[in-house]
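Structural overview for review
These are the residues of each chain, in order.
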Amino acid sequence: MIPITRLSVGEAEATAAADAVRSGWLSTGKRVQQFESMVADYVGAKHAIATNSCTTALHLALIAAGVKPGDEVICPSFSFIATANAVLYAGATPVFVDIAPDTFNISPALVEAAITPRTSAILPVSQIGLAADIPAVMSIARRHGLKVVEDAAPSLGTRIGEARIGNLSDFTCFSFDPRKILTTGEGGMITTNDDEAAERLRLMRAHSASVSATARHATNDVILENYPEIGYNYKMTDIQGAIGIAQMGRIDEIIEERRRLADRYNTLLNDDERIQLPYEPPGYRHVFQSYCIRLLTKKPQVAVMSDLAKQDIASRRILAIHSEPLYQKSRFDFLLPETERASKETILLPMFVGLTDAEQDEVVQGLRKALD
Ligand SMILES: Cc1ncc(COP(=O)(O)O)c(C=O)c1O
């Protein structure tokens, strides 16, 4: 089977993880701190706060953005379920807005119309490796006094002009699950330039204890911590931090290779009228966490995916969250034609560092056959 992803981890990650195990400190410690600094420097943000997933990063960032029970948060439905679930965790209601058909990211023109007196934040998703139009979303948010929490789970390294996302919205959340640009097994990160919020996020991810376990461990004195607000156990371990450091060391190489593979897919598929290739808007730099094509044929997406599976080629699709049972009960009547069309017409092909030319050729031949 050609999988949708294959891990790109090797000796450097294994040695780093083993060193962490031998160090005698496994929970959040200096390796997580170093990983945080590397990500903050890389995206150009003042602060990075590591968590155990992007889902928990989103939950904390929404709280730090001031989202309270009863509020509304504007987000796209064309995403992974975790985007909207994080809004529910914060006690708020996701208000889904449609996407642009070419980028598959939230359409800023539709965001403003969805704002009500209950809206407290906008949650755009920088999907599949391409930045959403964050500058446009930010200017709407500023006009209305709203915060922007960006779900950039798949998109570490993507740029608009020279600016990397992670530095453009109030809070940006990344994922390090096995299908993302970098992986630490599971893991997440919030980047922000807000000093006060960063401090609160650091406390909230560790039960909101006023003194960290590391600080208490480092002293011979007795330090009694207190708990001023509800906190969570969303901490990243130093084993994950160590793997993250090793992965960050080759992020540019990883992104270059993903772009090369996407280019190669484009060249191989370019002449096929049954397929619409991925779009990279001028000035944007896609990092191709996924290679997403739109099928222009009448053959249903699931039939194409199952024909691919019969040829030992994995593929995936992206959800329309509002169509999932959990969200169908929503009191809103959403009109999301582009989201519904995209979730029925697009598929993701295998894309990972280590995908060989022969495998890529096989995917392309298999896809042509599935479309015949
Ligand atoms: C757009 C998006 N948001 C959130 C998540 C959740 O990330 P994690 O698995 O790190 O919680 C994912 C992961 O697949 C994602 O693709």
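Residue positions are given per chain, counting from 1 as you read along its sequence in written order. Side-chain atom pairs in this predicted model are given and counted only at pLDDT of 80 or more, local residue features only at pLDDT of at least 70, and totals for whole chains, interfaces and linings cover all residues. Excluding hydrogens and water, the side-chain values take into account all heavy atoms of the structure.

**Quick word on the pairing of strand 13 (residues 346–349)**
What counts here: Only protein chains enter the calculation, and the probe is 1.4 Å; a residue is then buried if its accessible area is under 20% of its type maximum, exposed if over 50%, and partly exposed in between. Segments assigned H or I by DSSP are reported as helices when at least four residues long, segments assigned E as strands when at least two residues long, and all are numbered from the N terminus. Whether two strands pair depends on DSSP finding at least two bridges between them.
Neither face of strand 13 is left uncovered, since the one carrying T346 and L348 and the one carrying I347 and L349 both have all their residues buried. In this structure, strand 12 (residues 291–295) lies alongside strand 13, joined through four bridges in antiparallel fashion. Among the inter-strand pairings, Y291 is bridged to a residue of strand 13, identified as L349.

**Describing the packing of helix 3 (residues 54–64) against helix 7 (residues 195–204)**
Keep this limit in mind: Here the axes come from fitting lines to C-alpha atoms, over the contacting stretch only for helices, and the angles between their N-to-C directions go from 0 to 180 degrees. Under this scheme an angle from 65 to 115 degrees is roughly perpendicular, one under 35 degrees roughly parallel, and one over 145 degrees roughly antiparallel; angles in between are oblique. Crossings are sorted by hand: turned counterclockwise from the far helix by less than a right angle, the near helix makes the crossing left-handed, and turned clockwise it makes it right-handed. Residues are treated as being in contact if the distance between any of their heavy atoms lies within 4.5 Å. In this classification, Asp, Glu, Lys and Arg are treated as charged, Ala, Val, Leu, Ile, Met, Phe, Trp, Tyr, Cys and Pro as nonpolar, and every other residue, Gly included, as polar.
Where helix 3 contacts helix 7, the axes come no closer than 10 Å and their chain directions differ by 135 degrees. It follows from the interaxial angle that helix 3 and helix 7 lie oblique. Pair helix 3 / helix 7 crosses with right-handed handedness. Of the residues in helix 7, those touching helix 3 at L60, A61, I63 and A64 are R200, L201 and M204. Tallied by class, the residues present in the contact of helix 3 with helix 7 amount to six nonpolar, no polar and one charged.

**Details of the side chain of T192**
As a reminder of what qualifies: Pairing of N or O atoms within 3.5 Å defines a polar contact, subject to two protein rules: one partner must be a possible hydrogen donor and the other a possible acceptor, and residues neighboring in sequence count only if both atoms are side-chain atoms.
Within the fold, T192 resides in strand 9 (residues 188–192). A polar contact is formed between the side chain of T192 and the backbone oxygen of D170, at a distance of 2.9 Å. Within polar-contact distance, the side chain of T192 engages the backbone nitrogen of D194 at 3.1 Å.

**Focus: the environment of G366**
Assignment of secondary structure puts G366 in helix 14 (residues 357–371). Separated by 69 residues in sequence, G366 and T297 place their C-alpha atoms 16 Å apart. Setting aside chain neighbours within four positions, we find G366 in contact with L308, Q311 and I313.

**A word on the packing of aromatic side chains**
Our working rule: Only centres within 6.5 Å qualify two rings of Phe, Tyr or Trp (six-membered ring in Trp) as a pair; their planes then separate them into stacked at under 30 degrees, edge-to-face at over 60, and tilted for everything else.
Under the criterion given, the structure shown has six aromatic pairs. Consider the rings of F78 and F104, whose centres lie 5.8 Å apart with planes at 40 degrees: the pair is tilted. Of the two residues, F78 is situated in the loop between strand 2 (72–76) and helix 4 (81–89) and F104 in the loop between strand 3 (93–97) and helix 5 (108–111); the sequence distance between them amounts to 26 residues. The same class applies to F78 and to F104, which are both buried. By way of ring pairs, the aromatic residues Y265, F288 and Y291 are connected into one cluster.

**Section: the domain arrangement of the protein chain**
Convention followed: By convention here, the domain bounds are inherited from an automatic or database domain assignment. The term buried area denotes the loss of accessible surface (1.4 Å probe radius) that occurs when two parts are joined, taken as the sum for both partners. What counts as a salt bridge is simple: a side-chain nitrogen of Lys or Arg found within 4 Å of a carboxyl oxygen of Asp or Glu.
Examined at the domain level, the protein chain breaks down into domain 1 (11–248) and domain 2 (251–371). Domain 1 and domain 2 are separated by 25 Å when their C-alpha centres are compared. On the domain 2 side, the residues contacting the 46 residues of domain 1 number 39 residues. Buried area between domain 1 and domain 2, both sides added, is near 3,500 Å², and the carbon and sulfur share of it is 64%. On the surface where domain 1 and domain 2 come into contact, there are zero salt bridges. Across the contact surface, domain 1 and domain 2 share 18 residue pairs in polar contact (both at pLDDT 80 or more). Contributing elements (two or more residues each) for the side of domain 1 that touches domain 2: strand 2, helix 4, strand 3, strand 6 (159–160) and helix 9 (238–248). Residue composition of the side of domain 1 that touches domain 2, grouped by class: 24 nonpolar, 13 polar and nine charged.

**Re the nonpolar core**
In a soluble, globular protein the nonpolar side chains are often hidden away together inside. This is how the line gets drawn: We call a set of buried residues a nonpolar core when its members are Ala, Val, Leu, Ile, Met, Phe, Trp, Tyr or Cys and they connect through side-chain atoms within 4.5 Å of each other.
If you look at the biggest cluster of nonpolar residues, it comprises 52 residues, and the most contacted ones within it are L62, I74, I122, V149 and F171. In terms of residues, this core owes the most to one element, helix 3, which gives eight residues. Each of domain 1 (11–248) and domain 2 (251–371) contributes no fewer than three residues to this core. Setting aside residues up to four positions removed in sequence, F171 forms contacts with A61, A64, A65, V148, V149, E150, I190, T191, T192, A197 and L201. Counting residues in hydrophobic clusters, the runner-up holds 28 residues, among them Y42, A45, L130 and I181.

**What about the sheet that holds strand 1 (residues 47–51)?**
Strand order in the open sheet formed by seven strands is 1-9-8-5-4-2-3, with mixed pairing between adjacent strands. Either end of the sheet is taken by a strand with one partner, and the two such strands are strand 1 and strand 3. Strand-to-strand twist of the sheet, defined as the mean angle between neighbouring strand axes without regard to direction, takes the value 25 degrees. Bridging between strand 5 (residues 147–151) and strand 8 (residues 171–175) involves three bridges; their strand directions are parallel. Considered in strand 8, the bridge of V149 is made with F171. The sheet contacts of helix 2 (residues 30–43) involve strand 1, strand 8 and strand 9, and relative to strand 1 the element is tilted by about 130 degrees.

**Looking at helix 14**
Here is the rule: Multiplying 1.5 Å by the residue count of a helix minus one yields the expected span of that helix. The arc in question is traced by the directions running from the helix axis to the C-beta atoms.
With 15 residues, helix 14 extends 21 Å from end C-alpha to end C-alpha; this agrees with the ideal 21 Å at 1.5 Å per step. Listed as buried for helix 14 are E359, Q360, V363, V364, G366, L367, A370 and L371. Down the axis of helix 14, the buried side of the element spans an arc of 165 degrees, and every buried residue falls inside it. Opposite its buried face, helix 14 presents the exposed residues A358, Q365 and K369, each directed more than 90 degrees away. Tucked inside the fold, the buried residues of helix 14 contact helix 10 (251–269), strand 10 (275–276), strand 12, helix 11 (301–310) and strand 13.

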